[in-house]
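Below are the chains, spelled out letter by letter.
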Amino acid sequence: MSTGYIVFAHGSSIETANQAVRTVAAEMAERGGLDVVEAAFLEGGQPSLAGALASMADRVTHVVVVPYFLTLGLHLKRDLPRLIDEVKQTHPNVRIDVAPPLDRHPAMVDILLDRARETSCKPA
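Source: prediction; values computed, not measured.

Asks: Residue-level account of helix H2 (residues 49-56), with values.
Replies: The set of residues buried in H2 consists of Leu 49, Ala 52, Leu 53 and Met 56. On an axial view of H2, the arc spanned by its buried residues comes to 95 degrees, and they lie on one face. Those residues of H2 that are buried are in contact with strand E1 (3-9), strand E2 (37-41), strand E3 (62-67), helix H3 (74-90) and strand E4 (95-98).

In structure tokens:
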């Protein structure tokens, strides 16, 4: 079974913010040795989840949606399941799983500490 990955973010009207997510998705592919990785956006960016899945559906039988969200808020509890149901109708032969949000990942505390130290060490 070939697996594709979709890094799913909120999206922004500021295109550089969307491009930052695309860059993370590309780095994920490179570091992970993953062949099929796309960024997708809820709103404000392209492609949508449906668009990202359509671009890989002929190459994969399994998709893992990786939320680029900190917590399990409204978008992940309400919007993402609705979108997943919609794309399953269009691509019934593709298994779709959703990874948990970033919250509670052990690296989150290290990231916060790194940012805090980085900022507190700057000269005034």
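Asks: Run through the pairing of E3, naming residues and quoting values.
Replies: For E3, the tally of buried residues reaches five of six residues, placing the bulk of the element in the interior. Looking at chain direction, E1 and E3 are connected through six bridges and run parallel. Residue pairing across strands places Ile 6 opposite Val 65, the latter belonging to E3. Two strands pair when backbone bridges link them, and E3 and E4 are joined in this way by four bridges, in the parallel orientation.

Asks: Account for the nonpolar core, naming residues and giving values.
Replies: Ile 6, Phe 8, Leu 49, Leu 53, Val 63, Val 65 and Ile 96 are the most contacted members of the largest nonpolar core, which totals 20 residues. It is H3 that provides the largest number of residues to this core, a total of five residues. One finds Val 7, Ala 29, Ala 39 and Phe 41 within the second-largest nonpolar core, a separate group that totals eight residues.

Definitions and limits used
Residues numbered from 1 in each chain as written. Predicted model: local features only at pLDDT ≥ 70, side-chain atom pairs only at ≥ 80, totals over all residues. Heavy atoms only, no water. Buried < 20%, exposed > 50% of the residue type's maximum accessible area, 1.4 Å probe, protein only. Helix = DSSP H or I, 4+ residues; strand = E, 2+ residues; numbered from the N terminus. Arc of directions from axis to C-beta. Contact = heavy atoms within 4.5 Å. Pairing = 2+ DSSP bridges. Core = buried A, V, L, I, M, F, W, Y, C linked by side-chain atoms within 4.5 Å.

Nothing here speaks to function; it is geometry throughout.
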